[in-house]
Amino acid sequence: MMIRNQSRLISTGSYLVRQLCSTSTETVSQRIAAPTPFPTGNEDKLYKRLSALGATGGSVTGALNAYIMEGKTVRKGMLEYCVRSLRKFGRYRHALEVIEWMESRKIHFSYTDFAVYLDLTAKTKGIAAAEKYFNGLSEYAKNRYTYGALLNCYCKELMTERALALFEKMDELKFLGNTVAFINLSTMYLRLGQPEKVRHLVNQMKQRNISLDNLTYIVWMQSYSHLNDIDGVERVFYEMCNECEDKCRWTTYSNLASIYVKAELFEKAELALKKLEEMKPRDRKAYHFLISLYCNTSNLDAVNRVWGILKSTFPPTNMSYLVLLQALAKLNAIDILKQCFEEWESRCSSYDMRLADAIIRAYLQKDMYEEAALIFNNAKKRADASTRFFKSRESFMIYYLRSRQLDLALNEMEAALSEAKQFHWRPKQVTVDTFFRFFEEEKDVDGAEEFCKVLKSLNCLDFSAYSFLIKTYIAAGKLASDMRQRLEDDDIEITDELEDLLVKVCPP
């Protein structure tokens, strides 16, 4: 089943670029720490106890001390496994607390431990704290790993001047012996919209006889994609194949396919995806990308086929089901979507609200309100106390506004505001825009003003919100003599565009 309907495409190409930028700015962290091995019984038990802190609360220090008080032994290898695993799942604060506990216990740090400490400090406390930590290190600890970790932080935060200055310092210290630093700079340039600078970095690596690895080639291909140069992309790909066929991994073909999708070269994209399938990768993520990318080519049959392969190769995780549900929703395969969600719901060990969010949004887009409400009510019963319901509530808000039921939309907003007292939340821009468009169409100035108060309480009353508010006044034919003062009080810049609106409601 091949449907060439571009409105159904998910932007997996853009998603993959973001993933690549994120992945490669993490490259230092990944290379300085050994791959997470299959845990022993004690390692797994300790990790599960620390991992549970996200839901139960409590401190890492308390959990580790209690573990020891139970007569159990904690070895450095166990702690390193826990740090790697917590970082892998984005639990940076808890990972840092483990390392801080190690430091307080005078556990010997390796070269790489200092770098991991610095990386986690940046993630949890910011760049300034990471720099302070780096500057306080001994000369022994200021090695290529800690320098690389700091460069990684600068590149991730797009701090160009600091990144380039540190890169030069690393060159002086002869710390540029592999691709890591060059990849960090390359992905920084991609995110800055300067893809033309990547070629220079690649040339530098070649001049230094640094062997290009798979990730380097992927980032280089992406740079040509950003320049809309498909011939350049293919030249890099063929160079990679000729240089060493072993460097062509599944990520190479998923990257190539995403580039072709972005360029709307769907047949070439599917050829690349077939090559990926032929590799039979032993990585669940490869099948996630296959599902998403086949969705980009609107190939429902391929999505179903790859799902079958994934299920026969790996036990599907919550993430596997989420990727599938998102693809099926985009392809409007509602019956299969319902079937897959029910399959997951019947066997899941932990209720993942992201999956409920996905099907609720899909149902509401099809005006299947009763089905969406049933799932939402069930989710509220099954989810644990730490679950956030904001995404589903926003889906309902948009549905109610689209069906002109403002009172019900406001009820969902009130429920979200109540939950926001416990969890940080800001409504998505599409939700804010939908509310304001409703008020403008209804010429409801009072409603728009009340909504602005809500946004202000959430610290997200911005330029866009004021633009919508003024348009509502214009639609209602009303003046707002204090509007200029309000803009000044809220530190909103009056652009030419905003001035054109202002003169209609607040003449000078």
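The model shown is predicted, which means the values in this text are computed figures rather than measured ones. (Residues numbered from 1 in each chain as written. Predicted model: local features only at pLDDT ≥ 70, side-chain atom pairs only at ≥ 80, totals over all residues. Heavy atoms only, no water.)

What follows concerns the overall build of the protein. Across its full length, the protein carries 30 helices and 0 strands. In terms of C-alpha radius of gyration, the protein reaches 26 Å, essentially the compact-globule figure of 23 Å for 508 residues. The buried share of the protein, reckoned over its 508 residues, is 51%. Across the protein, the fraction of contacts at a sequence separation of at least 24, relative to all contacts at a separation of at least 6, is 64%. (Helix = DSSP H or I, 4+ residues; strand = E, 2+ residues; numbered from the N terminus. Rg over C-alpha atoms; globule rule 2.2 N^0.38 Å. Buried < 20%, exposed > 50% of the residue type's maximum accessible area, 1.4 Å probe, protein only. Contact = heavy atoms within 4.5 Å.)

We now examine the environment of M368. Relative to the assigned elements, M368 resides in the loop between α22 (353–365) and α23 (369–382). When sequence neighbours within four positions are dropped, the list of residues in contact with M368 reads I334 and Y363.

So, about the pattern of salt bridges. In this structure the tally under the stated criterion is 26 salt bridges. The partner of D119 in a salt bridge is R87, with the nearest N and O atoms 2.9 Å apart. Taken together, the positions of D119 in helix α8 (residues 111–125) and R87 in helix α6 (residues 76–88) put the pair 32 residues apart, joining distant regions of the chain. Among the ionic contacts, a cluster of salt bridges with common partners joins R49, E70 and K72. (Salt bridge = Lys/Arg side-chain N within 4 Å of Asp/Glu carboxyl O.)

Take the packing of helix α14 (residues 214–226) against helix α15 (residues 230–243) next. Between two packed helices, the angle of one axis relative to the other and the distance separating the axes together describe the packing. At a closest axis distance of 8 Å, the pairing of α14 and α15 adopts a crossing angle of 165°. In terms of their interaxial angle, α14 and α15 are classed as roughly antiparallel. In this structure, the crossing between α14 and α15 has a hand that is right-handed. For the pair formed by α14 and α15, the contact residues are N214, Y217, W220, M221, Y224 and S225 on the first element and G232, V233, R235, V236, F237, E239, M240 and E243 on the second. (Axes fitted to C-alpha atoms, helices over the stretch in contact; angles between N-to-C directions. Parallel < 35°, antiparallel > 145°, perpendicular 65-115°, else oblique. Left-handed = near helix turned anticlockwise from the far one by under 90°.)

Moving on to the confidence of the model for the protein. Caution applies to low-pLDDT regions: their predicted coordinates should not be interpreted in detail. In this model, the protein carries an average pLDDT of 90, and 91% of its residues clear a pLDDT of 70 or more. Within the protein, no element has a lower average pLDDT than helix α2 (residues 27–32), which sits at 46, and none a higher one than helix α24 (residues 390–402), at 98. pLDDT under 50 marks residues 1–14. Its contacts with residues more than four places away, or in other chains, come to 33 contacts. Per-residue pLDDT stays below 50 along residues 20–38; that stretch engages in 51 contacts with residues further than four places along the chain or on separate chains. (pLDDT = per-residue confidence, 0-100.)

Take S298: it is sitting in the loop between α18 (284–296) and α19 (300–313). On the basis of relative accessibility, which here comes to 1%, the residue S298 falls in the buried class.

Taken together, the side chains of K330, R361, K391 and K428 present a region of like positive charge at the surface. Checked against the element boundaries, R361 lands in helix α22. (Patch = residues over 30% accessible without salt bridge, like charges linked within 9 Å, V, L, I, M, F, W, Y side chains within 5 Å. Areas by Shrake-Rupley, 256 points an atom, 1.4 Å probe, with all protein chains shown as cover. Lys, Arg positive; Asp, Glu negative; His and termini not counted. Charge placed at Lys NZ, Arg CZ, Asp CG, Glu CD.)

As a further point, take the packing of aromatic side chains. The full count for this structure, using the stated rule, is 33 aromatic pairs. Arranged with centres 5.9 Å apart and planes meeting at 55°, the rings of Y369 and Y400 form a pair that is tilted. Taken together, the positions of Y369 in helix α23 and Y400 in helix α24 put the pair 31 residues apart, joining distant regions of the chain. A relative accessible area of 30% means that Y369 is categorised as partly exposed. Exposure remark for Y400: the relative accessible area of 5% places this residue in the buried category. Ring geometry for F436 against F451: centres 5.2 Å apart, planes inclined by 75°, an arrangement best described as edge-to-face. (Phe/Tyr/Trp six-rings, centres within 6.5 Å; stacked < 30°, edge-to-face > 60°.)

As a further point, take unusual backbone geometry. Located in the positive-phi region is N209, a residue other than glycine, with phi close to 60°. With respect to the secondary-structure elements, N209 resides in the loop between α13 (198–207) and α14. Residue N209 is classed as exposed on the basis of its relative accessible area, which comes to 72%. A positive phi is found at D367, a non-glycine position, where the angle reads about 60°.

Ranked by internal contacts, the top residues of the largest apolar core, which has 172 residues, are L50, L151, L185, Y351, F435, F436 and M483. The biggest single contributor to this core is α22, with 9 residues. Residues within four places of F435 in sequence aside, it is in contact with M397, L401, L406, A409, L410, M413 and F451. (Core = buried A, V, L, I, M, F, W, Y, C linked by side-chain atoms within 4.5 Å.)

Another point: the side chain of T146. Relative to the assigned elements, T146 resides in helix α10 (residues 144–156). Those residues in contact with T146 that sit more than four places away from it in its chain are F114, A115, L118, F134, L137 and A141.

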